[in-house]
Amino acid sequence: MNQIWNREYETMDRDELRGLQSKRLQMSLRWAVANVPFYRDSWEKAGLKPQDIRSLDDLEKVPFTTKDAFKESYPYGLFAVPLERVVRVHSSTGTTSRPTVVGYTRGDLNTWAELCARGVTAGGARPHDVAQVAFGYGMQTGAFGLHAGLERIGAMVIPASTGNTRRQLTIMRDYGTTVLVSTPSYALYIAEAAADMGFSFDDLELRVGLFGAEPWTNAVREELERRMGISATDNYGLSEVMGPGMSGECYLKDGLHVNEDHFIVEVVDPETGEKLPEGKEGELVFTSLTKEAVPVLRYRTGDLASVSYRPCACGRTFARHTKVYARTDDMMIVRGVNVFPSQVEEVLMAVEGVEPHFQILIDRRGALDEMVVQIEVEPSFFPDAMRRLVEFERQIEDRLQEDLGVRARVKLVEPKSLPRHTGKARRVIDKR
Ligand code: DLL
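Worth saying up front: this structure is predicted, and the values here are computed from it rather than measured.

Draft legend 1. Quick look at the sheet that holds strand S11 (residues 282–288). Strand order in the open sheet formed by four strands is S10-S11-S12-S15, with antiparallel pairing between adjacent strands. Whereas interior strands pair on both sides, the edge strands pair on one side only; in this sheet they are strand S10 (263–268) and strand S15 (326–327). One ladder, built from four bridges, connects S11 with strand S12 (residues 299–305); its direction is antiparallel. Paired with Val285 across the bridge in S12 is Arg300.

Draft legend 2. Molecular detail of the pattern of salt bridges. Scanning all chains against the criterion turns up 34 salt bridges. Taking the shortest distance from any N to any O, the salt bridge between Glu223 and Arg226 comes out at 3.4 Å. Of this pair, Glu223 and Arg226 both sit in helix H9 (residues 218–228), three residues apart, roughly one helical turn. Measuring nitrogen to oxygen at the nearest pair gives 2.9 Å for the salt bridge that ties Lys323 to Asp234.

Draft legend 3. Local environment of the site of the ligand. Around the ligand, a shell composed of 20 residues is seen, among which Asp234, Asn235, Ser239, Asp303 and Lys424 lie nearest. Within the contact set of the ligand, an oxygen atom lies 3.2 Å away from a side-chain nitrogen or oxygen of Arg327. At a separation of 2.8 Å, an oxygen atom of the ligand approaches a polar side-chain atom of Lys424. For the ligand, the accessible surface in isolation is 620 Å², of which the surrounding protein chains cover 93%. Ranked by residue count, the leading element in the shell around the ligand is strand S7 (residues 231–238), at five residues. Considering only residue class, the shell around the ligand consists of seven nonpolar, seven polar and six charged.

Draft legend 4. Region of the structure containing unusual backbone geometry. Looking along the chain, the bond that leaves Tyr74 and enters Pro75 is cis, with omega of -5 degrees. Note on placement: Pro75 falls in the loop between helix H4 (67–72) and strand S1 (86–91). Located in the positive-phi region is Arg335, a residue other than glycine, with phi close to 45 degrees. The exposure class assigned to Arg335 is partly exposed, which follows from its relative accessible area of 36%. Positioned with a positive phi, Lys416 is a non-glycine residue whose angle comes to about 65 degrees. Structurally, Lys416 can be placed in the loop between strand S20 (409–413) and strand S21 (428–430).

Draft legend 5. The nonpolar core, seen in detail. Among the nonpolar cores identified, the biggest contains 65 residues, and Trp43, Leu150, Leu284 and Phe286 are the most heavily contacted of them. In terms of residue count, the dominant contributor to this core is helix H5 (residues 106–122) (five residues). Dropping the residues within four chain positions of it, Leu150 is found in contact with Val120, Ala125, Ala131, Val133, Ala155, Val157, Val181 and Leu210. Listed in part, the 24 residues of the second largest apolar core include Met332, Val347, Val406 and Ala408.

Draft legend 6. Region of interest: the side chain of Asp108. With respect to the element layout, Asp108 can be found in helix H5. The buried charged residue Asp108 lacks any salt bridge, with Lys291 as its nearest oppositely charged partner at 6.3 Å. A polar contact of 2.9 Å, which involves the side chain of Asp108, links it to the backbone nitrogen of Ala293. Sequence-distant contacts of Asp108, defined by excluding residues within four places in its chain, comprise Gly103, Thr290, Lys291, Glu292 and Ala293.

Draft legend 7. Here's a closer look at the side chain of Glu214. Secondary-structure assignment places Glu214 in the loop between strand S6 (208–212) and H9. Put simply, Glu214 is tucked away with no salt bridge, and the nearest opposite charge, on Arg427, sits 6.2 Å away. Among the polar contacts made by the side chain of Glu214, one reaches the side chain of Ser185 at a distance of 2.5 Å. Sequence-distant contacts of Glu214, that is, excluding residues within four places in its chain, are made with Thr183, Pro184, Ser185, Gly423, Lys424 and Ala425.

Draft legend 8. Region of the structure containing the domain arrangement of the protein chain. On domain assignment, one finds that the protein chain holds domain 1 (1–329) and domain 2 (334–430). With 23 residues of domain 1 at the contact, the number on the domain 2 side is 15 residues. Interface area for domain 1 against domain 2, summed over the two sides, is near 1,600 Å², with a carbon-plus-sulfur share of 58%. Taken together, the links from domain 1 to domain 2 amount to three salt bridges. Between Arg227 and Glu355 there is a salt bridge, with its nearest N and O atoms 3.6 Å apart. Among the elements of the structure, helix H8 (184–197), H9 and S15 are those that each provide at least two residues to the side of domain 1 that touches domain 2. Its residues assigned to classes, the side of domain 1 that touches domain 2 shows eleven nonpolar, six polar and six charged.

Each value, and the rule that gives it
- Along each chain, residues carry numbers from 1 onward, in the same order as the chain's sequence is written.
- Two thresholds apply to this predicted model, a pLDDT of at least 70 for residue-level local features and 80 or more for giving and counting side-chain atom pairs, whereas whole-chain, interface and lining totals are computed over all residues.
- For side-chain calculations, the full set of non-hydrogen atoms in the structure is used, while hydrogens and water are omitted.
- At least two bridges found by DSSP between two strands is the condition for calling them paired.
- Helix and strand assignments come from DSSP, with helices taken as H or I runs of at least 4 residues and strands as E runs of at least 2, each series counted from the N terminus.
- Salt bridges, as used here, are contacts in which a Lys or Arg side-chain nitrogen is within 4 Å of a carboxyl oxygen on Asp or Glu.
- Whether a residue is near a molecule or strand is decided by its heavy atoms; if any one of them lies within 4 Å of it, the residue is near.
- As used in this structure description, the phrase polar contact means that two N or O atoms lie within 3.5 Å; if the pair is within protein, one of them must be able to donate a hydrogen and the other to accept it, and residues adjacent in sequence are counted only when both atoms belong to side chains.
- Accessibility throughout is a Shrake-Rupley quantity obtained with a 1.4 Å probe, and a residue counts as covered only by protein chains that appear here.
- Gly is placed with the polar residues, together with every amino acid not listed as nonpolar (Ala, Val, Leu, Ile, Met, Phe, Trp, Tyr, Cys and Pro) or charged (Asp, Glu, Lys and Arg).
- Three exposure classes are used, based on accessible area relative to the maximum for each residue type with a 1.4 Å probe and protein chains only: buried under 20%, partly exposed in between, and exposed over 50%.
- As used in this record, nonpolar core signifies buried Ala, Val, Leu, Ile, Met, Phe, Trp, Tyr and Cys residues forming a set joined through side-chain atoms within 4.5 Å.
- Only heavy atoms matter for contacts: two residues are in contact if any of them lie within 4.5 Å across the pair.
- Residues scored as positive are Lys and Arg, those scored as negative are Asp and Glu, and His as well as the terminal groups of each chain are ignored.
- All the domain ranges listed were derived from an automatic or database domain assignment.
- Throughout, buried area stands for the accessible area (probe radius 1.4 Å) lost by two parts on being put together, summed over both.

Dropping the structure here:
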């Protein structure tokens, strides 16, 4: 069950690890400030020189980097190497304004594959596996990153990409897929399509799900594990920093191990930027230690989690962060109350008869915000009397109010009537 891809680093003594980080940090800071005008300027403005950062504790003095730096430097402004040294570019799935563009040297691709190899091994993939990658092969980082990691461990990769869900299932059956790699919402969609097509997961070879790229609760994990007969683990990353492979769960599913020999992770207060202690939830901030093409210094992810340095029973010594359930910018403020879509998911998944497909509509009625949660119910529910449905709506409204502290109107909708997603799910439509 427990296997570690790179024991030397993943189980390194923490004092030794800090020594390595400190050495690599010096190099990374110098590299970025010497080669990227954006860092040179921001350091000059802050009156800071690389030699002022003598230890890991000094990192706090380094100015933050945000997504704006990528947007303003579009497309190649943050590259620290000439384009002839870049062998690949990717860009974020960003839906608003300019995308963020990142580049990789040959060395970066090598590191990326190594870190994804660690992640897929921790999640349970092995050399004998047949891995179906159902992330989109395109500008996003998910498919290419995990593909490389799976190849590196010696698994056989099927680059199925997203879409054509019936074909995904046919491939799964005919090719003997043992590992499914996708967003959790696409996996749910595949599970549902399987039921429609009369596929039983008992007849398939599937045993591992490597999921990530969007928030998902443990309740959804249990649902996927039960429906597909798999062990499902969470993988985290963002294209600005590298893509998948930054952190991932081991089979104990108790936090995501950060590849700390290549990244320093910090947690800061999203409002003040102040560094928070172990165990306190805040915004994850990453500094790359070995990246060549696009080094990032104190990159603010917008993702909320806390970090623990307690060693894990799997033997890995790297810091672990909690599952990312929310982003600083997906918080909805409804009648003055802060609400995250993941809180809604948590409540809904605890109600029997509710399917894991929902959408939140927010609008303004007069001066008041109105939140409507559309929820699909199990097909077996539908022929029942209207009265039961109304009661059911009321019951969920009460539960939501209890947990969120704000009342939402619940609208039950027909099975399969909400949009399905082959990539990241879109849970909230805010019309205000
Ligand atoms: O989603 C990279 C990735 C691909 C990670 C495949 C894991 C697997 P971006 O498209 O740049 O990169 O989106 C990054 O997605 O800041 C988070 O808000 C969110 N995200 C990524 N992984 C997770 C996760 C990829 N495991 C943004 N849990 C990040 C929750 C996640 N949110």
